[in-house]
Amino acid sequence: MATRAIVTSHPVVACDVCGRRLLRGETPDVFVTGGHRRTVCELCIPRATAEGWRREADGHDLGLRRTRPRRAGSLLGRLRQLRESQDAAAAGVARSARRRSADEREALYEDDGDLYDFLEAPAEDEEGEQPPSHDQAVFIGAVRAEQENLAELPTANESLAVERALAVFNAGETPQRVAGVSRSLGAPTVVARELQDGTTRVAIVVAWELCWYRYEVDLADEPAGVRVAAEGMELEELPAEDRLANAAADERGELALLAV
């Protein structure tokens, strides 16, 4: 009787974008560029699309498929959209409050500049200096209370910015790729934080034991969607602030902040 060889290995397939060897169970896409076929992993599809590569399976109907209207979302999706609208309205109210407070402070400074000079000037122990009157003390207390209240606004606005960035992330195709990799590597660690560089960008880090990806969402250009800002194979490459999980991914790959 003839013997049969049992093959336990599988062919090595590497992504032509990031060079990473695909794991068992990952399904790559085939793109065409310059007359050559390229293998692209699920996480690198946005980069390949940005480079002008075309899916081999899409052919000439790529543009037509993308213009098809999306189906009406589920009840959960509509509730999520309603919450996003409410968050956007709350952010607008906060911005209006900051502008109004800034205008009021400017008007008060013009009318009572001497009192603000008193607040900003260092304390002196000169003999003969008169303490502020009762009305001045009340005004000074009110100004300081207003400044303390305004100092709390950035924290609330930062939370709104992060939630909005996650909504933009979930509206694109990236959650499908996160879900695909999670089926092979398990649930990822997710960190979403606003970049402290004077911009409106929010960083979203999705990390597994074998690889990680840092995405960015610019809230000033939401139609641009999500872009891959960095990627790596070792978790030690990430800074400490990108390892403290404050969000999670569900089975669909959609992200949400963890309950505090």
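Structure's up top.
Presented here is an overview of the structure given in this document. (Residues numbered from 1 in each chain as written. Predicted model: local features only at pLDDT ≥ 70, side-chain atom pairs only at ≥ 80, totals over all residues. Heavy atoms only, no water.)

1. Focus: the nonpolar core
Nonpolar side chains in soluble globular proteins generally cluster together in the buried interior. By size, the foremost hydrophobic cluster in this structure holds 32 residues, and its most contacted members are Val40, Ile204, Trp208 and Tyr215. Secondary structure elements with two or more residues in this core: α1 (45-50), α6 (153-171), α7 (174-185), β4 (189-194), β5 (201-207), β6 (212-218) and β7 (226-232). Ranked by the residues each element gives to this core, the list is headed by α6, at six residues. Ranked by size, the runner-up nonpolar core spans five residues in total, among them Val191, Val205, Ala207 and Trp212. (Core = buried A, V, L, I, M, F, W, Y, C linked by side-chain atoms within 4.5 Å. Buried < 20%, exposed > 50% of the residue type's maximum accessible area, 1.4 Å probe, protein only. Helix = DSSP H or I, 4+ residues; strand = E, 2+ residues; numbered from the N terminus.)

2. As for the packing of aromatic side chains
Any two aromatic rings considered together are summarised by their centre-to-centre distance and by the angle between their planes. Applying the stated rule across the entire model yields two aromatic pairs. Judged by centre distance (5.5 Å) and plane angle (75°), the rings of Phe169 and Tyr215 are edge-to-face. Of the two residues, Phe169 sits in helix α6 while Tyr215 sits in strand β6, which places them 46 residues apart along the sequence. On the basis of an interplanar angle of 25° and a centroid distance of 6.5 Å, the ring pair of Tyr213 and Tyr215 is categorised as stacked. The pair formed by Tyr213 and Tyr215 is uniform in burial state, with each residue classed as buried. Through a chain of ring-to-ring contacts, the aromatic side chains of Phe169, Tyr213 and Tyr215 assemble into a single cluster. (Phe/Tyr/Trp six-rings, centres within 6.5 Å; stacked < 30°, edge-to-face > 60°.)

3. Here's the deal with the sheet that holds strand β2 (residues 36-40)
Read from one edge to the other, the open sheet built from three strands follows the order β2-β1-β3, with strand pairing classed as antiparallel. Looking at which strands have only one partner, the edges of the open sheet turn out to be β2 and β3 (54-55). (Pairing = 2+ DSSP bridges.)

4. With respect to the side chain of Arg177
Within the secondary structure, Arg177 is located in helix α7. Within polar-contact distance, the side chain of Arg177 engages the backbone oxygen of Glu42 at 2.9 Å. Setting aside anything within four residues of it in sequence, one finds Arg177 in contact with Glu42, Leu43, Ile45, Pro46 and Arg55. (Polar contact = N/O pair within 3.5 Å; in protein donor to acceptor, adjacent residues only side chain to side chain. Contact = heavy atoms within 4.5 Å.)

5. Observations regarding the environment of Ala245
Take Ala245: it is sitting in the loop between β7 and β8 (247-249). When the C-alpha atoms of Ala245 and Leu257 are compared, they prove to be 9.2 Å apart, with twelve residues separating the residues in sequence.

6. Some remarks on the side chain of Arg55
As for its placement among the helices and strands, Arg55 is situated in strand β3. Classification of Arg55 by relative accessible area gives buried; the value is 17%.

7. Section: the pattern of salt bridges
By the definition in use, this model includes 14 salt bridges. Of the charged contacts in the structure, one is a salt bridge between Arg201 and Asp197, with a shortest N-O distance of 2.3 Å. Across the pair Arg252 and Glu254 runs a salt bridge whose closest N-O atoms are separated by 3.6 Å. Overall, the relative accessible area of 18% leaves Glu254 in the buried class. By sharing partners, the salt bridges in this structure join Asp197, Arg201, Glu216 and Arg227 into a single network. (Salt bridge = Lys/Arg side-chain N within 4 Å of Asp/Glu carboxyl O.)

8. Points about the pairing of β4
Note: β4 against β5, six bridges, orientation antiparallel. Each residue of the ladder has a partner; that of Arg193, found in β5, is Ala203. Linking β4 back to β5 in an antiparallel pair, the connection comprises six residues, with Gly198 at a positive phi of about 80°.

9. Some thoughts on the state of the cysteines
Taken as a whole, this structure holds zero disulfides when the rule is applied. Cys18 takes part in no disulfide bond, and the closest cysteine sulfur to it belongs to Cys44, at a distance of 3.6 Å. For the unlinked cysteine Cys211, the closest cysteine sulfur is that of Cys41, found at 8.4 Å. Owing to a relative accessible area of 2%, Cys211 belongs among the buried residues under this scheme. (Disulfide = S-S within 2.5 Å.)

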